[in-house]
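Close look at the chain arrangement
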Amino acid sequence: MTRAAAPAASETGDPLLLTPGPLTTSKRVKEVMVHDWGSRDATFVRINGEVLARVRDIVNGGDDFVTVPMQGSGTFAVEAMLTAFIPRDGGVLVLINGAYGHRAKKICDIAGRKAVVHETAEDTPPDLAAVERILRDDKSITHVFAVMCETTSGILNPIAEIGALAQKHGKRFLVDAMSAFGALELDARKVQFDAVAASSNKCIEGVPGLGFVICRKAALEKTAGNATTLVLDLHDQWRNLEKTKQYRFTPPIHVIVSFHQALEEFLAEGGVAGRGGRYAENCRVLVGGMRDLGFESLLPERLQAPIIVTFHMPADPRFVFQTFYDKLKERGYVIYPGKLTVADSFRIGCIGRLNAEHMRGALAAVRDILAEMGVSSPKPAKAA
Ligand SMILES: *Cc1c(COP(=O)(O)O)cnc(C)c1O
């Protein structure tokens, strides 16, 4: 039997990235970068201003909020947020159920910020009663930090409930919304946060290179002098942008112009509702199809964010992950290894310039590859 089917490809002929970011982006998002702009160019200054305003509008921030950009990947924004908002004599409750929670704790340790940890397993949301006890009893805590979608597993954490607890106990709330930003609702009018960190290259479908923190102005004003590094000084970055419309150091101009295009496409798709709707459909098709093939996903539906799905590794010794990965890549689908400590697993993302047809194509490829490898059932070792 001959198979003439060409590998699946993006608009620019590249393999599709079924990963947690960087992601497959539109052709136009890449095309708008074929120009040079000076950082003082009036067009660039206007584009940058629109980007920052649109990002703030995604959380309905209004005049009480401002977007402060930070050159670099998402972690640069998270580190800038934590080190700016938590004062030297403050303390933060870090909610951990995956690698990004651990990373926040490490940032606090390096910066010398007191961090109290509430950790649950990677497939378990925080225990809100335990969180409330800590907030009630530990007077040294001034802030609460949580990850909206822990990309390690794909779990959706209860951000609104955590925010309400923080508010009830007079603590300020800081959110790493990175992998959910633009796909799942986060509304400043409903969740009382001081700052939210995200980046250009996740659900807004831009290219990597710009992080940003959406900040409550009244709280940001009080952060002068808190920074522990020059480059990540969020307050200074903000003041300088307000005063001069310029970044303090070379901005990733091409990334910002491209991000502007990505935001146009995001708005044309219907904003959070449209983008989140497409990803939810991708996720539904993916999870349903993988279950039909015999795979088991880690999370129950109510905890699964439509961002990235963790599947248990099949027990059959004929299933070799590297072979599976390579064969999928040959067919134009790039997946992601697992990052869990609780179970041997791999991940497939639903975000980026992908639709339900792409997901069905990936499922057909998975089915063919299982047959090629001689795996009749991809069931994990012990039933989940
Ligand atoms: C992607 C991501 C980050 C940032 O990672 P970078 O590699 O620095 O871009 C932070 N938090 C979460 C939850 C993420 O998914």
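Residues numbered from 1 in each chain as written. Predicted model: local features only at pLDDT ≥ 70, side-chain atom pairs only at ≥ 80, totals over all residues. Heavy atoms only, no water.

What links the strands of a sheet is backbone hydrogen bonding, and the strands pair in either a parallel or an antiparallel sense. Strand order in the open sheet made by the 7 strands is E2-E10-E9-E8-E5-E3-E4, with mixed pairing throughout. Of all strands in the sheet, those bounded by a partner on one side alone are strand E2 (65-71) and strand E4 (114-119). Each adjacent strand pair in this sheet contributes to an overall mean axis angle of 20°, direction not counted. When strand E3 (residues 91-96) meets strand E5 (residues 143-147), the two strands line up parallel, connected through 3 bridges. If you follow Val94 over to E5, its bridge partner there is Phe145. (Pairing = 2+ DSSP bridges. Helix = DSSP H or I, 4+ residues; strand = E, 2+ residues; numbered from the N terminus. Axes fitted to C-alpha atoms, helices over the stretch in contact; angles between N-to-C directions.)

Turning our attention to the nonpolar core. For soluble globular proteins, the rule of thumb is that nonpolar side chains tend to be buried together. Ranked by size, the top nonpolar core spans 91 residues in total, and within it Phe85, Phe145, Phe173, Phe181, Phe193 and Leu234 carry the most contacts. Element by element, the count of residues in this core is highest for helix H9 (residues 253-268), at 8 residues. Composition of this core by domain shows at least three residues from each of domain 1 (16-25 + 272-383) and domain 2 (27-268). Apart from residues no more than four positions distant in its own chain, Phe181 is found in contact with Val55, Ile58, Val59, Ala198, Cys203, Ile204, Phe212 and Ile214. Counting 32 residues, the second largest nonpolar core, distinct from the first, contains Leu16, Phe321, Phe346 and Ala365. (Core = buried A, V, L, I, M, F, W, Y, C linked by side-chain atoms within 4.5 Å. Buried < 20%, exposed > 50% of the residue type's maximum accessible area, 1.4 Å probe, protein only. Domains from an automatic or database assignment. Contact = heavy atoms within 4.5 Å.)

Another aspect to go through is helix H12 (residues 356-373). Here H12 spans 26 Å end to end across 18 residues, near enough to the 26 Å set by a 1.5 Å rise per residue. Those residues of H12 that are buried are in contact with helix H10 (271-293), helix H11 (321-330), strand E12 (333-334) and strand E14 (345-349). For H12, the side-chain oxygen to backbone nitrogen distance between the N-cap and Glu357 is 3.0 Å, and the N-cap itself is Asn355. Positive phi shows up at Gly374, right after H12, with a value of about 75°. (Expected span 1.5 Å × (residues − 1). Polar contact = N/O pair within 3.5 Å; in protein donor to acceptor, adjacent residues only side chain to side chain.)

Moving on, we come to the site of the ligand. Near the ligand the following residues occur: Ser73, Gly74, Thr75, Tyr100, Arg103, Val147, Cys149, Thr151, Asp176, Met178, Ser179 and Lys202. Contact between the ligand and Ser73: an oxygen atom at 2.5 Å from a side-chain N or O atom of the residue. Separating an oxygen atom of the ligand from a side-chain N or O atom of Lys202 is a distance of 2.7 Å. Within the complex, 87% of the 380 Å² of free accessible area of the ligand lies under protein. Among the secondary structure elements, those contributing two or more residues to the shell around the ligand are helix H3 (74-85) and helix H4 (99-111). Grouping the amino acids of the shell around the ligand by side-chain chemistry returns 4 nonpolar, 5 polar and 3 charged. (Near = heavy atom within 4 Å. Areas by Shrake-Rupley, 256 points an atom, 1.4 Å probe, with all protein chains shown as cover. Nonpolar A, V, L, I, M, F, W, Y, C, P; charged D, E, K, R; others polar.)

On to the domain arrangement of the protein. Domain annotation of the protein identifies domain 1 (16-25 + 272-383) and domain 2 (27-268). Taken over C-alpha atoms, the centre of domain 1 sits 28 Å from the centre of domain 2. Contacts between the two partners involve 27 residues from domain 1, matched on the other side by 34 residues from domain 2. Around 2400 Å² of area is buried between domain 1 and domain 2 when both sides are counted, 59% of it from carbon and sulfur atoms. Among the residues domain 1 hides against domain 2, the three largest losses belong to Thr25, Val272 and Arg275. Together they make up 29% of the total. Viewed at the interface, domain 2 and domain 1 are joined by 3 salt bridges. Counting across the interface, domain 1 meets domain 2 through 11 residue pairs in polar contact (both at pLDDT 80 or more). Residue assignment for the side of domain 1 that touches domain 2 shows that the elements contributing at least two residues are H10 and strand E11 (308-312). When residues of the side of domain 1 that touches domain 2 are assigned to their parent elements, the largest contribution, 5 residues, is made by H10. (Buried area = accessible area lost by both parts, 1.4 Å probe. Salt bridge = Lys/Arg side-chain N within 4 Å of Asp/Glu carboxyl O.)

So, about the packing of aromatic side chains. Scanning the entire structure with this criterion turns up 14 aromatic pairs. On the basis of an interplanar angle of 25° and a centroid distance of 5.8 Å, the ring pair of Phe212 and Phe259 is categorised as stacked. Linking Phe212 in strand E10 (residues 210-216) with Phe259 in helix H9, this pair joins segments that are 47 residues apart in sequence. By relative accessible area, Phe259 is classed as buried at 0%. With centroids separated by 6.4 Å and ring planes inclined at 50°, the aromatic side chains of Phe321 and Phe324 adopt a geometry described as tilted. Placement of both Phe321 and Phe324 in helix H11 is noted, with a separation of 3 residues, approximately one turn of the helix. (Phe/Tyr/Trp six-rings, centres within 6.5 Å; stacked < 30°, edge-to-face > 60°.)

Moving on to the sheet that holds E11. An order of E11-E14-E13 is seen for the 3 strands of this open sheet, with the pairing classed as antiparallel. Every other strand in the sheet has two partners, leaving E11 and strand E13 (336-337) as the edge strands with one partner each. With 5 bridges connecting them, E11 and E14 associate as antiparallel partners. Residue Val309 lies in a different strand from E14, and its bridge partner there is Ile348. Along the sheet, H10 contacts E11 and E14; its crossing angle with E11, the most-contacted strand, is approximately 10°.

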